[in-house]
Each structure stands twice: as C-alpha cells, then as structure tokens.
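# Examination of the molecular architecture
Given next are the chains, with one letter for each unit.
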There are 2 protein chains.
Amino acid sequence: MMRYTIVGDWGTSRLRLFRLEAGAVTDRRDGPGIAALPDTPEAVLRAAIAPWRDDGPPASISLCGMIGSRNGWRDVPYVACPADAAAWAAGAARLDFDGSEVAIMPGLACADARGVPDVMRGEETQIFGAMALDPALGRGRHRIALPGTHGKWAEVEDGAVRGFRTYLTGELFALLRDHSTLARAGAGPAEAPDEAVAAERAGFAAGLAEAEATPLAGALFQTRSRQLREARSQAWALGFLSGLVIGAEVAAATAEPQAGAVMLIGDPALAGRYAEALARRGLATHLGDGDACARAGLALWESLT
Amino acid sequence: MMRYTIVGDWGTSRLRLFRLEAGAVTDRRDGPGIAALPDTPEAVLRAAIAPWRDDGPPASISLCGMIGSRNGWRDVPYVACPADAAAWAAGAARLDFDGSEVAIMPGLACADARGVPDVMRGEETQIFGAMALDPALGRGRHRIALPGTHGKWAEVEDGAVRGFRTYLTGELFALLRDHSTLARAGAGPAEAPDEAVAAERAGFAAGLAEAEATPLAGALFQTRSRQLREARSQAWALGFLSGLVIGAEVAAATAEPQAGAVMLIGDPALAGRYAEALARRGLATHLGDGDACARAGLALWESLT
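Anyway, here's the lowdown on the structure attached to this text.

Conventions adopted
- Residues numbered from 1 in each chain as written.
- Chains lettered and ligands numbered in written order.
- Predicted model: local features only at pLDDT ≥ 70, side-chain atom pairs only at ≥ 80, totals over all residues.
- Heavy atoms only, no water.
- Helix = DSSP H or I, 4+ residues; strand = E, 2+ residues; numbered from the N terminus.
- Rg over C-alpha atoms; globule rule 2.2 N^0.38 Å.
- Buried < 20%, exposed > 50% of the residue type's maximum accessible area, 1.4 Å probe, protein only.
- Contact = heavy atoms within 4.5 Å.
- Areas by Shrake-Rupley, 256 points an atom, 1.4 Å probe, with all protein chains shown as cover.
- Lys, Arg positive; Asp, Glu negative; His and termini not counted.
- Charge placed at Lys NZ, Arg CZ, Asp CG, Glu CD.
- Salt bridge = Lys/Arg side-chain N within 4 Å of Asp/Glu carboxyl O.
- Least-squares fit on C-alpha atoms with pLDDT ≥ 70 in both.
- Pairing = 2+ DSSP bridges.
- Axes fitted to C-alpha atoms, helices over the stretch in contact; angles between N-to-C directions.
- Parallel < 35°, antiparallel > 145°, perpendicular 65-115°, else oblique.
- Nonpolar A, V, L, I, M, F, W, Y, C, P; charged D, E, K, R; others polar.
- Buried area = accessible area lost by both parts, 1.4 Å probe.
- Polar contact = N/O pair within 3.5 Å; in protein donor to acceptor, adjacent residues only side chain to side chain.
- Disulfide = S-S within 2.5 Å.
- Left-handed = near helix turned anticlockwise from the far one by under 90°.
- Phe/Tyr/Trp six-rings, centres within 6.5 Å; stacked < 30°, edge-to-face > 60°.

The helix and strand tally for chain A stands at 10 helices and 14 strands. Since a compact globule built from 305 residues should have a radius of gyration of about 19 Å, the 21 Å found for chain A is in line with a globular shape. For chain A, the C-alpha atoms occupy an extent of roughly 70 × 40 × 30 Å along the three principal directions. Of all 305 residues assigned to chain A, the portion counted as buried reaches 54%. Nonlocal contacts in chain A, meaning residues at least 24 apart in sequence, comprise 64% of its contacts between residues at least 6 apart. Accessible surface for chain A amounts to roughly 12,300 Å². Of this, 51% is attributable to carbon and sulfur atoms. If you average the places of the 30 positive and of the 37 negative side-chain charges in chain A, the two averages end up 4 Å apart.

For the structure shown, the criterion picks out 40 salt bridges over all chains. Note that Asp291 of chain A and Arg16 of chain A form a salt bridge whose closest N and O atoms lie 2.7 Å from each other. Within this pair, whereas Asp291 of chain A is found in helix H10 (residues 290-304), its partner Arg16 of chain A is found in strand E2 (residues 14-21), the two being separated by 275 residues in sequence. Looking at Arg16 of chain A, the relative accessible area reads 13%, which means it is buried. Of the charged contacts, one joins Arg177 of chain A and Asp178 of chain A as a salt bridge, the two residues approaching to 2.8 Å between their closest N and O atoms. By relative accessible area, which is 48% here, Asp178 of chain A ends up partly exposed. Via salt bridges that share partners, Arg114 of chain A together with Glu210, Arg226, Glu230 and Arg232 of chain B belong to a single interconnected network.

Turning to the relation of the copies chain A and chain B, a few remarks are in order. Rotating chain A by 180° about the axis while translating it 0.0 Å along that axis superimposes it on chain B, leaving an RMSD of 0.1 Å. Given the turn and translation reported, the copies of this chain are related as if by a two-fold rotation axis. Of all interface residues in chain A, 100% are interface residues in chain B too; the two copies therefore contact each other through one and the same surface.

In this section: the pairing of strand E4 (residues 61-64) of chain A. Residues and elements named next belong to chain A. Residues Ile61 and Leu63 line one face of E4 and the alternating positions Ser62 and Cys64 line the opposite face, and both faces are buried. Inspection of the sheet shows strand E1 (residues 5-10) paired to E4 by 4 bridges, in the parallel sense. Bridged to Asp9 within E4 is Cys64. For E4 and strand E7 (residues 100-104), the ladder comprises 3 bridges, and the chain directions are parallel. Paired with Ser62 across the bridge in E7 is Ala103.

Right, let's talk about the packing of helix H3 (residues 123-133) of chain B against helix H10 (residues 290-304) of chain B for a bit. Residue and element names in this part refer to chain B. For the pair H3 and H10, the least separation of the axes is 7 Å and the interaxial angle reads 90°. With respect to H10, the axis of H3 lies roughly perpendicular. The segment H3 lies against H10, with Thr125, Gln126, Phe128, Gly129, Ala130, Ala132 and Leu133 engaging Gly290, Ala292, Cys293, Ala294, Ala296, Gly297, Leu298 and Leu300. Residues of the contact of H3 with H10, tallied by class, amount to 10 nonpolar, 5 polar and no charged.

At the interface, 42 residues of chain A touch 42 residues of chain B. Here chain A packs against chain B, burying approximately 3,500 Å² in sum over the two surfaces, 67% of which is carbon and sulfur. One salt bridge in this structure joins Arg114 of chain B and Glu210 of chain A, with 2.6 Å as the shortest N-O distance. Linking chain A with chain B are 10 residue pairs in polar contact (both at pLDDT 80 or more). Looking at the side of chain A that touches chain B, the elements with two or more residues in it are strand E9 (117-120), strand E12 (160-167), helix H4 (169-179), helix H5 (193-213), helix H6 (216-219), helix H7 (222-230) and helix H8 (234-253) of chain A. Top element by residues in the side of chain A that touches chain B is H7 of chain A. It accounts for 6 residues. Taken together, the residues of the side of chain A that touches chain B sort by class into 20 nonpolar, 11 polar and 11 charged.

This brings us to the state of the cysteines. Residue and element names in this part refer to chain B. Using the criterion set out here, one finds 0 disulfides over all chains in the structure. With no disulfide partner, Cys81 has as its closest neighbouring cysteine sulfur the one in Cys110, 5.3 Å distant. On the accessibility criterion, Cys81 (17% relative accessible area) is buried. Cysteine Cys293 remains unbridged, with the sulfur of Cys64 as its closest cysteine sulfur at 12 Å. Given a relative accessible area of 3%, Cys293 falls into the buried group.

Residue and element names in this part refer to chain B. Following the sequence through the fold, Ala259 ends up in the loop between helix H8 (234-253) and strand E13 (262-265). Using a relative accessible area of 69% as the deciding quantity, one classes Ala259 as exposed. The spatial distance from the C-alpha of Ala259 to the C-alpha of Leu283 is 8.5 Å, given a sequence separation of 24 residues.

Two modes of strand pairing occur in sheets, parallel and antiparallel, and in both the strands are linked by backbone hydrogen bonds. Residues and elements named next belong to chain B. With respect to topology, 6 strands assemble into an open sheet ordered E3-E2-E1-E4-E7-E6, the strand pairing being mixed. In the strand order of this sheet, the two ends are held by strand E3 (24-32) and strand E6 (93-97), each with one partner. In this sheet, adjacent strand axes meet at a mean angle of 20° when their direction is disregarded.

This next bit is on the packing of H5 of chain A against H8 of chain A. Residue and element names in this part refer to chain A. Closest axis-to-axis distance for the H5/H8 pair is 6 Å, and the angle between their directions is 35°. The two elements H5 and H8 cross, and the hand of that crossing is right-handed. Here Ala196, Ala199, Glu200, Ala202, Gly203, Phe204, Ala206, Gly207, Leu208, Glu210 and Ala211 of H5 lie close against H8, whose contacting residues are Ala235, Trp236, Leu238, Gly239, Phe240, Ser242, Gly243, Leu244, Ile246, Gly247 and Ala248. Residues of the contact of H5 with H8, tallied by class, amount to 14 nonpolar, 6 polar and 2 charged.

Next up on the list: the packing of aromatic side chains. All names here are of chain B. A complete count under the given rule lists 6 aromatic pairs over all chains for this structure. Seen in terms of ring centroids, Trp236 and Phe240 are 5.0 Å apart; in terms of plane orientation they differ by 10°. Their pairing is stacked. Placement of both Trp236 and Phe240 in helix H8 is noted, with a separation of 4 residues, approximately one turn of the helix. Accessibility assignment for this pair places Trp236 and Phe240 in one class, buried.

What follows is the structure, given as structure tokens:
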C-alpha cells in the first residue's frame, strides 16, 4: 500500500487539500470554505478524500486555517508568541476521524510592547513552512509579510515567531472599491481596456507616492477629487486607491528601520505590488509561493510529532 | 403682501427648505434629496413651496448642495479658492423659475501646496454663514471643521476660504461598521443596553488613544483582535472604531500647529466627539449649529447681489 499524507488549508472561503507522497504533491482536491459548508466538516472531508481512501488510510492528516476557529470543526486555542514550530505543533487539536487522526493546527496570538493583542489563523502555517523551505530564514531575524484580506507582518527570530501585526488592507480596499462613493464609474472619462490597464498602473504609482505624503485619513478622498478635477478615469482611481492603502500599510509596517530583505508570501501579482512599495522605501524583497509554504508548514506536523 | 425669501439646502439624501421673513425662519418644508427625486427638480420645488405661493412670489430663492452638481438641477462650476463670499456668490447659477429666480450656489475647489485638488459642495455655504453669524470668525485666520460623511477642514482668513481638505471618516466608519468583519455581533460578550452605552463610550476613548499611537492602517484590525483577546463587546468595538477613525482624522488635520480654537459645525453629538478628540490634543473648540449656518450662508445671496 502506498504511504501518503493529507494536508489541507481550510479557510473561510475554500478548502484546499493536497495528497503528499515523500514530500511531493501527487493530487489535490478543492472544497467549500467553512462559511459555506453543506454538511459537517467530517462529512465534507470524508467526501473530499474518498478517492484516496482506495489506497488505504492516510498516514496523517493535518489542517490549518479557520477550520480551527469557533465557527469551524473545533475551536483550537491560539498559541502565544514567541512560538517556534515545536510549540506550535504541540498546540494542535488531535481528533479521531474514520480510524485516522486529524490534526487541526492552532493559530498564533501575540501582544505588542504596549499589550495590544493580535491574532492569526492560517498564516502561521505559511510562516513555519517558509522557514522549513529556506533554512536561512530560520536563522537570525527576518520580516515576513503575507499580503491579503487581513495582511500580516511577522517578525521571526531563529525559527520562532516573535510577534506580528494585522493590516486590514485587502478588506479595506474591497469595501472602498465596492461600496464607497470614491471610485464609481462615470466620474471620469471612459477608456479602452488597454488604456485602462495602463491608467490603473499609473494610478497605483501615484497612490504609493501620495501615501508617503499624506496620512490615509486625509488621502482617501483624493480618489474622487482627482477624478473630478484632474479628469482621471475609474481605472486610474482604483489603482490610486490600491496604491494608497498598500502604501499606508507598508509605511506603517516598516516605520522601524531593520536591515535585510522582506520575505513576501502570497499571490504573485499582489506580492509584486508590495515589492514595488517596499522598493520605494529602499527595501529588497524575496517572494515565496503561498501554497508551497502552506504545504510545507502542514507537512511539519508529521516530523514534529 | 408679505415679503419673504426661500433658502434651501438640497443634498444627496434630502431637501430642507426654509421660509425666511426679516431673517427669521417662519416655516420649513422637507423633501427628497437629489438621489431619489420623484420628478424634475423644478416640479419637486414647485410642490414643496406651493403653500407659500399663496402669499405671492418669494423675493428670492437660493439653494446650495448637490442640487448644483451634474446629477442635480444644473452643474454649477466650482469657484476656486481663495474665495470670499462675494466671489462665491458671483459664481451662482441664476435660473428662471415660475417668474422668480432661483440661485444655485456653487461649490468650492482648491489645490494644496503640492497641487492636490479637493472639492466641496454645500459645506461652503455653512462656512460663509458661520462667518456672517460671528464677525470675529470673519477676521484673521481660523480653522473650521465640518464633521460628517465627507468631513471638511477649512482654513479661512479675513472672510475668505483659503483651502480645505476632505476626510472620508463618516463614510469609512459606516462601511466598516456595516460591511466589514471588524465589529460583528457575537465575537465578544453580550450586554444590557445601558452597559452597551457605557462600553461604547469606553471604546471610543480607547480608540482615540490608540489613534495617537498607531497609524490607521495598522490599528483597524485591533477592533476585532481586542474582542477576541480582551473579551470586548460589539458596542465597545464600535466605539473603538469610531475613536480610531475620528482620532486619525483629527491627528492628520491638526498635524501643523496653529493657534486658536477650532470652529466645529455640524450635528452636536458628532461635533462633541470631535471636541473630545481635539481636547486630547490641547485644542479648544467652538460649536456652530449646522442648519443655522446653512441658512445664514444662503441668506447672503440677497445681500450680495
């Protein structure tokens, strides 16, 4: 019988399951996120991995993400920072599942020097995975940024997550794009699709520049006033808005100088925008593949237990 | 026949019409804003003032607000800052209306030292009205803040509006309250209504304090993490969010020191929150009634033409 393990990133909006053999992905299955489960998590997982069960039970199953929250399968308590991979794995919930064991990995919690709390659930797996994939990242101090709906900036030192901060950037951008009066169609000129792409890029650069000059609270309305007064298009305005919120995040996250490149983990297009913002501040970046980091982090479960 | 004038603040969401006799309000009528007009602006205005027409035609009608935008009755070009009341009134559009004349007052446009544009439409009437009501405000330099959906901070000098900046604070708060994951019910404990009021106030004070310590981009997510980690209620979280966005606006708007009190024009409860934020920064405030300022500004039309 083939020996295989199953690892899964089970977030709010989707489930991504991978079958691993000797560390390589040999198959994958996608499923619903915890916000839209048609059945119990057990039943959804059972259906998703049914084809693989023909090869016998998996050697292990490890899951990360919001499946470990109160709205998921089991509310797994956060592990407090500083936390290395061993402390993190020790916080996993181990559940019986069809004769196998499912490990639901915990999130991390931290408090900054003033005691302000923060939490993550899912990104810690990518961070530990990134350090497993790149031993240099596991030695000394590094900054790791994970852009997204709730972007995280973590400080790691010698393999442990010392602390982190969450930026609402992705959610804020989507809210302002979809629901605000800032970038509605029609305020500026219409343009052809290829012009729109170029305008969006130019707007993004202008937004990054403006984020350095003006606090976010006083800069956001420019998205509209520049359409009205500078005849900017909606595409330009959306790029400008993206530049403003990403620029504000990067400025706040890098306010304290620190040597060394920033490790960016996530969607390549989005990470590229962060790399552009960081380059403006004189900071180099490395780019990590989000899925590969998540798989590597989940695969740690077997080696750490 | 009684001599009377009609002044009206006709914004996106509502029309407020006042009948003035010798400067005093003798009647008022409310109607739909320009976003929900059941008929042409002429027809809506005609119906609204019909009872007053029994006393003969009005001596003048002056309107301000979004009725002067492209989606209103007539797109009235912005008047460029610096602008005093005479320059502003000279920019009004004068339309024939049932044998009378309707003046639609223009908005103002400005550009800061870097050339960044901004616009207002409606608030300028309150600013000129405030200076008409308080001659001291019309001499020397003063800061006037008009909190709201799109809050404005204007610099006035010797009766002229030199420039201003728009803050998206009210819209941002409403978006984050109604559409984000930050302050959903259920993350923290439930509480009785009177406890909720106290919690909201305490949250607001905590948000103001946090706004001084952390840029908005990195502070917003605390609204959620403090519910999760400090067992804060939804009411506390909404107060905290309000404190964060108002604190960020006030910090940005008062970054350049300037002597003298800030004139606050608007809803008393909201203005009170701004006064609290300004007091933390050592700034005194005066409070002006928004409706009275708008009426006084609109009444200038007769004296300036």
